[in-house]
Amino acid sequence: TDIWVSTFHSACVKILRKDIEKIGYTRDFVIYDASDQKVVLKECFKELNVNDELYPLPMVLHKIGDAKDNMLTPRKYLEINQADFQSVTVGKIYERYQTKLKKNNALDFDDLIFKVVELFENNPDVLNFYQRKFQYIMVDEYQDTNQIQYKLVSMLAGTHKNLCVCGDDDQSIYSWRGADIRNILNFEVEFPKANVIKLEQNYRSSKTILETANCVIKNNFGRKDKTLWTSNDKGEQIQFYSADNEHAEGMFIANQIRCVVEEGTRNYDEFAILYRTNAQSRVIEEMLIK
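Residues numbered from 1 in each chain as written. Predicted model: local features only at pLDDT ≥ 70, side-chain atom pairs only at ≥ 80, totals over all residues. Heavy atoms only, no water.

Caption draft 1: Up close: helix H1 (residues 8-19). If you check H1, its first and last C-alpha atoms are 17 Å apart, about what twelve residues at 1.5 Å a residue would give, namely 16 Å. Three or more residues of H1 are buried, namely His 9, Ala 11, Cys 12, Val 13, Ile 15, Leu 16 and Asp 19. The inward-facing, buried residues of H1 abut strand E1 (30-32), strand E2 (106-108), helix H6 (111-122), helix H7 (124-133) and helix H8 (147-156). (Helix = DSSP H or I, 4+ residues; strand = E, 2+ residues; numbered from the N terminus. Expected span 1.5 Å × (residues − 1). Buried < 20%, exposed > 50% of the residue type's maximum accessible area, 1.4 Å probe, protein only. Contact = heavy atoms within 4.5 Å.)

Structure follows, in structure tokens:
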């Protein structure tokens, strides 16, 4: 049995390596990284006489990526933004950028899913092949999917409709990079015969943690009703510390560790510090050294 276990993007690369010739590229296409994209964009800016101080590269790249996530070709992007001067300029850059990519037989990261959807829309036989191939489809972390991913999944599941998605609308935190919470909230509208199974028992957290989380998250708008519970112990009371800045935060962490060690109940090698982003580690290290 041929089972695919992959990210959206790696699965799309496999599909494109087989059939991208049907939409005007060759199978040996290259995938541009961020630095490659910037080189091409700078060429577009020069040719279109665009000031990169008025149109910073990261901003333009973000808008182009967002357009692809929402299934907007350069032509569609220009049509819906024709009344806004800045957006029209971005649309012209987007148009020139895509022309250059195709000339170079190249795709950027955002193109990978976009081009598979284009391939499926223009070649029903290819879509039919993959619909028959994937009789059962499962998508994890479904609350973090965007519009183009939603479109791809809907197309692939169009024949068998054996689609299982797993996700938690309360954990949708990536709207800033295109995730659309409506994908999971409206799932039963797209698939009215869907069977919804709530996984409400938590095996990891204490009762105190879950009660606090439930009290906070029940105030969210646009969420599916659920209440997490656990058979675990009540656990320790939650402590909250609000630091003025990252240096005060790092010093607080270091002082907490030092106090526990001085009490004689723990050694330094028994501690671990968890942080959300790599940018936080530098200040924490400096405070530990101090």
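Caption draft 2: Structural view of the packing of aromatic side chains. All told, the structure shown has nine aromatic pairs when counted by the stated rule. With a centroid separation of 6.1 Å and an interplanar angle of 25°, the aromatic rings of Tyr 130 and Phe 134 are classed as stacked. Among the aromatic residues, those joined into a cluster by ring pairs are Trp 4, Phe 120, Phe 129, Tyr 130 and Phe 134. Here the guanidinium or amino end of Arg 17 rests over the ring plane of Phe 29, the centre of that ring lying 3.8 Å away. (Phe/Tyr/Trp six-rings, centres within 6.5 Å; stacked < 30°, edge-to-face > 60°. Lys NZ or Arg CZ within 6 Å of the ring centre and 35° of its normal.)

Caption draft 3: Molecular detail of the pattern of salt bridges. Using the criterion set out here, one finds 19 salt bridges in the structure. Residues Glu 121 and Lys 151 are paired through a salt bridge, measuring 3.9 Å at the closest nitrogen-oxygen approach. With Glu 121 in helix H6 and Lys 151 in helix H8, this residue pair connects regions lying 30 residues apart in the sequence. Judged by its relative accessible area of 28%, Lys 151 is partly exposed. Put simply, Glu 286 and Arg 282 hold a salt bridge, and the shortest N to O gap is 3.2 Å. Here Glu 286 pairs with Arg 282, and both are found in helix H13 (residues 281-289), just four residues apart, close to one helical turn. In this structure Arg 282 comes out as exposed when scored by relative accessible area, which is 56%. (Salt bridge = Lys/Arg side-chain N within 4 Å of Asp/Glu carboxyl O.)

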